[in-house]
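Inside the fold
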Amino acid sequence: MIEVRDIAREFRRPRQVHGPLGGLRTFFTREVDIVHAVSNVSFSIDAGEVVGYLGANGAGKSTTIKMLSGILVPTSGTITVNGLVPWEDREANALNIGVVFGQRTQLWWDLPLIDSLRIIAKLYRMETAHYERNLARLDELLELTPFLDTPVRQLSLGQRMRGDLTAAMLYEPKILYLDEPTIGLDVVAKERMRGFIERVNQESGTTIMLTTHDLADVERLTKRIIFIDKGLVLFDGPVAELKHRYAPYRELHVTLAPNGDQPELPQMPGIIDIEETPGRLEIRFDPATIAVADLIAAVVASHPVTDLAIVEPALESVVREIVQSGEVRR
Amino acid sequence: MERFSLMRTLAGAAIRSELQYRANAVSSIIGGILFQITGFIVVWIIAARFGQIGDWGLAELTFLYGMRLTSHGIFYAFFSQMFELDRVLITGEFDRYLVRPLPPLMQLFTRKLRINCFGDLIGGSALLIAASSGGVVDWSPIAVVYLLLAVVGGALVEGAVQITLGSLGFRFLQTYPLRASVNEVFNVYGNYPNVIFPTALRAVLTFGLPIAFVAFFPASVLLNRADELSVPAWLASIAPLVGLVLFLIAVRIWRWQSANYQSAGN
C-alpha cells in the first residue's frame, strides 16, 4: 500500500551571521546550512496495517509524513502510495488519504463544525446519502452531536480533535496518517481516540500510520514499530522484538509482609539489579540465565512474601535507552 | 466545471465566516468607499484646477479612474488572499491545501473574503456611470462587452503579477513587502493616463510592470484615443487577452515554484 525507497529530504537555510549587523549580513550571505531532516528511509506498509512511527523530537517523523501525504517533495528517493506518487498525483492521492495533525486543525475556524463537515463532503465529491450514513456512524463512535453546531474556535481541544478525525474519516480514505493524535488530550479523551482508531482499522480495514510521543498509544494500537533517529531507520519490526532486543530482561516485583525482616538476597547468576525500598523489592533479571521458578524459590525462602508479579519492561524505558545510546543492536 | 462549483462552496464558507463579524463587514465596506473617494478627489482637484491632465478632460479621467478601480475591486474580490500568503506559508497552513483534492491556489483564493473589495466595486461602477453620462464613450453592445472583458482582464493582470511575485515565497517565505510596494505602484500610476509620463517610464509601466494593460490601454480604446498611444493600437485593444495570458503563465510559475515548499516544523 505504501512503498518508500531511500527517501531523503534536506532543508537549506541561510547561515546565521552573528556579530555587528548580523541580521543584515544573514540576509546577504550566500552560505547555507543544510539540515538533513530525513537521510535515508525505506519501508513498506501493507494494506490494513497499523504502524507506529517513533522517534525523538526532530528525528524526522513529521517530515516523512509530509512527504507521504504530498506536502513536501523529497530531495531524493521514491514513494508510491496506493500506486500514486503523492506530490505528482497530488489531487488523486488526496482522495485516498486522511491526515490529522494533532497541533493544527483543518476545520474552518469561524464556522460551526457541521459546516466544515458539509464542505469536506463536497470537496470529496460525496453523495448526500453516503455523507449522512458516514456522519451517523462517526457520530456514534465519537459522540459529536453535542457540539456539531458550535463554531470550531469555541470547541475544547478534545472536541476539536474529534472534529478533525471525523473530517479525515468522513470520506472513508484507504489510508490515515495521524501526526500526534493524542497530544494534549486528557486520559478519557485519549482512551476514546484510541478506541476509535482501533475500530476504524478493524471495521474498515484502513491502513494507519501514526506518530506519537505517547507510547501507550503504540502499545495499545500497533503491532509494528518503525523507529527513526537523526533521519535514519533504527528499527522496523514487531513491538515484542524491539523489547526483546533492547530490553532482554524481566522484573520480579515482590511485596513483603509489613514489619517483616528484609535480609540480603544471596548472590545468584542472572540477577542484573535489585532495587530495595521498605516493604518492596524490584529484581531485574535475565530469564535466559536464571529460571523464574528458581528465583522465586530463593526469594520466598528468605523473605516473608505477600505478593509477587513478573513485569515486562515498559516500552518507554526501552525507547529511552535507544535514544540515549543512539544506535541499533542486531 | 466541477472545480468551479467546489470553489463556490469554499467561497461561500469564506463569506459566511466573514458575516460572523457583522460590524466589521459593514465598517470595511464603508471604509473602502471612503478610501477610494479621497483618492479620486485628488484627480478631480488637479483636473478642475488645470482643466485637463495630459490632454485628457475630467470625464475621460473619471472614466479611466473608474475602470481601474472596478478592475482593482475584482482583483481584490478574487485575489485578496495573496496578501495573506506569507502567513499561510510561514505557519504551515499551506499543508492543509496540499492534502485536499483541489488546486492549492484555488483554496488560497477562497480562504477568506476581504469585504472592502465591495467599496472598490461600488466606487468604481459609480465613477464609470458618472463619466459615461458625460458622453465620452460611443456606447454599443460591443463596447459594453469590451468594457466587461477589460475590467476582468485588468484584474487578471494584477493577479498575475501578485501570483508571480508570491511564488518567490516558497523559497524566501516573506514576499509581502515586495508585493505591497508593487501593488502601491499599480495604485499610484494606474489611475493616470500613461501619456503624461516620460518615455522611459512609459515603457517600464507597459512592459516592465504591465500596468498600462490594466486600464489605460482599454480605456484609450473605448475613448477613441488608441491612435495617440506609443504602442500599436492593436496591442492596446487586446489588453483583456494579455491579462488572461499573463495569468495563465503566472499559475504555471506558481506550480513550478511550489515544489520548493518547506512547510513549518511541528
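It should be emphasised that the depicted structure is a prediction, and the values quoted were computed from it without experimental measurement.

On a plain count of helices and strands, chain A comes out with 11 helices and 13 strands. What you see for chain A is a C-alpha radius of gyration of 25 Å, clearly larger than the 20 Å of a compact globule of 330 residues, by over 25%. Considered along the principal axes of its C-alpha atoms, chain A spans approximately 70 × 55 × 40 Å. Looking at chain A as a whole, 48% of its 330 residues are labelled buried. Carbon and sulfur atoms make up 51% of the accessible area of chain A, which amounts to about 15700 Å² in all. Of the side chains in chain A, 36 bear a positive and 46 a negative charge, and the two mean positions are spaced by 8 Å.

Attention now goes to the pairing of strand β3 (residues 50–54) of chain A. Residue and element names in this part refer to chain A. For β3, a buried count of five out of five residues is recorded, marking the element as mostly surrounded by other parts of the structure. Where burial is concerned, the two faces of β3 agree: the one with V50, G52 and L54 and the one with V51 and Y53 are both buried. Across four bridges, β3 lies against strand β7 (residues 207–211) in parallel orientation. Along β7, the bridge assignment pairs V50 with I208. Pairing analysis gives four bridges linking β3 to strand β8 (residues 224–229), with the strands arranged parallel. Within β8, the residue paired with V51 across the bridge is R224.

This paragraph deals with the interface of chain B and chain A. Accessible area lost during the coming together of the parts is what is often quoted as the interface size. Contact residues are listed per partner, giving 29 residues for chain B and 34 residues for chain A. Applying the counting criterion to the chain B and chain A interface returns four salt bridges. Between B:R16 and A:D115 there is a salt bridge whose closest N-O contact spans 3.1 Å. Element by element, the count of residues in the side of chain B that touches chain A is highest for helix α1 (residues 2–19) of chain B, at eight residues. A per-class count over the side of chain B that touches chain A returns 14 nonpolar, nine polar and six charged.

With that settled, the discussion passes to unusual backbone geometry. Residues and elements named next belong to chain A. For N82, which is not a glycine, the phi torsion comes out positive at approximately 50°. Structurally, N82 can be placed in the loop between β4 (76–81) and α3 (90–96). One non-glycine residue, E143, adopts positive backbone phi at about 50°. Tracing the chain through its elements places E143 in the loop between α5 (128–142) and α6 (157–169).

Residues and elements named next belong to chain B. Running from amino to carboxyl end, helix α3 (residues 58–79) crosses helix α7 (residues 117–132) at an angle of 155°, the nearest separation of the two axes being 7 Å. Here α3 is positioned roughly antiparallel relative to α7, judged by the angle of their axes. For the crossing formed where α3 meets α7, the hand is left-handed.

Generally speaking, soluble globular proteins have nonpolar side chains that are buried together. Ranked by internal contacts, the top residues of the largest apolar core, which has 147 residues, are A:F43, A:L170, A:Y177, B:F63 and B:M67. For this core, the leading source of residues is helix α8 (residues 141–166) of chain B, giving 12 residues. With 16 residues, the next largest nonpolar core counts A:L54, A:Y249, A:L315 and A:V318 among its residues.

So, on to the sheet that holds strand β10 (residues 250–256) of chain A. Residue and element names in this part refer to chain A. The antiparallel open sheet is built from four strands, whose spatial order is β11-β12-β10-β13. Both edges of this open sheet fall to β11 (271–277) and β13 (305–311), since each of them pairs with a single strand only. Taking each pair of neighbouring strands and ignoring which way they run, the sheet shows an average axis angle of 15°. Relative to strand β12 (residues 280–285), β11 runs antiparallel, the two sharing six bridges.

Glancing now at the pattern of salt bridges. Between side chains of opposite charge, a pair can form when the charged atoms approach closely. One pass over the full model with this rule turns up 31 salt bridges over all chains. Of the charged contacts in the structure, one is a salt bridge between B:R3 and A:E91, with a shortest N-O distance of 2.8 Å. In this pair, B:R3 is assigned in helix α1 and A:E91 in helix α3, connecting two distinct chains. Of the residues examined, B:R3 reaches a relative accessible area of 34% and is grouped as partly exposed. Ionic contacts of the salt-bridge type, sharing partners, join the residues A:E191, A:R194, A:E198, A:D217 and A:R220 into one network.

Let's shift gears to the side chain of A:T64. Residues and elements named next belong to chain A. Looking at where T64 falls in the secondary structure, it is placed in helix α2 (residues 61–68). Taking the relative accessible area as the measure of exposure, T64 reaches 0% and is therefore buried. Polar side-chain contacts of T64 include one of 2.9 Å to the side chain of Y53. Once residues lying within four places of it in the same chain are set aside, the contact partners of T64 are I7, V38, F43, Y53 and I228.

This next bit is on the side chain of B:E93. As for its position among the elements, B:E93 is in the loop between α4 (85–90) and α5 (94–98). When sequence neighbours within four positions are dropped, the list of residues in contact with B:E93 reads B:V88 and B:R111.

All chains considered together, the criterion is met by 21 aromatic pairs over all chains. Geometrically, the ring pair formed by B:F170 and B:Y261 is edge-to-face, given 6.3 Å between the ring centres and 85° between the ring planes. Separated by 91 residues along the polypeptide, B:F170 in helix α9 (residues 169–172) and B:Y261 in the segment after α14 (239–257) bring together distant segments of the chain. Side by side, B:F170 and B:Y261 carry an identical accessibility label, which is buried. Of the aromatic side chains, those joined through ring pairs into one cluster are B:F75, B:Y76, B:F79, B:F83, B:F109, B:Y176 and B:F247. For the cation-ring pair, A:R284 lies above A:Y249, with the distance from its terminal atom to the ring centre recorded as 4.0 Å.

Across chain A, the average pLDDT comes to 85, with 96% of residues at or above 70. Mean pLDDT values over the elements of chain A span from 68, in helix α1 (residues 22–28) of chain A, up to 93, in β4(A).

Rules and cut-offs
- Residues numbered from 1 in each chain as written.
- Chains lettered and ligands numbered in written order.
- Predicted model: local features only at pLDDT ≥ 70, side-chain atom pairs only at ≥ 80, totals over all residues.
- Heavy atoms only, no water.
- Helix = DSSP H or I, 4+ residues; strand = E, 2+ residues; numbered from the N terminus.
- Rg over C-alpha atoms; globule rule 2.2 N^0.38 Å.
- Buried < 20%, exposed > 50% of the residue type's maximum accessible area, 1.4 Å probe, protein only.
- Areas by Shrake-Rupley, 256 points an atom, 1.4 Å probe, with all protein chains shown as cover.
- Lys, Arg positive; Asp, Glu negative; His and termini not counted.
- Charge placed at Lys NZ, Arg CZ, Asp CG, Glu CD.
- Pairing = 2+ DSSP bridges.
- Contact = heavy atoms within 4.5 Å.
- Salt bridge = Lys/Arg side-chain N within 4 Å of Asp/Glu carboxyl O.
- Nonpolar A, V, L, I, M, F, W, Y, C, P; charged D, E, K, R; others polar.
- Axes fitted to C-alpha atoms, helices over the stretch in contact; angles between N-to-C directions.
- Parallel < 35°, antiparallel > 145°, perpendicular 65-115°, else oblique.
- Left-handed = near helix turned anticlockwise from the far one by under 90°.
- Core = buried A, V, L, I, M, F, W, Y, C linked by side-chain atoms within 4.5 Å.
- Polar contact = N/O pair within 3.5 Å; in protein donor to acceptor, adjacent residues only side chain to side chain.
- Phe/Tyr/Trp six-rings, centres within 6.5 Å; stacked < 30°, edge-to-face > 60°.
- Lys NZ or Arg CZ within 6 Å of the ring centre and 35° of its normal.
- pLDDT = per-residue confidence, 0-100.

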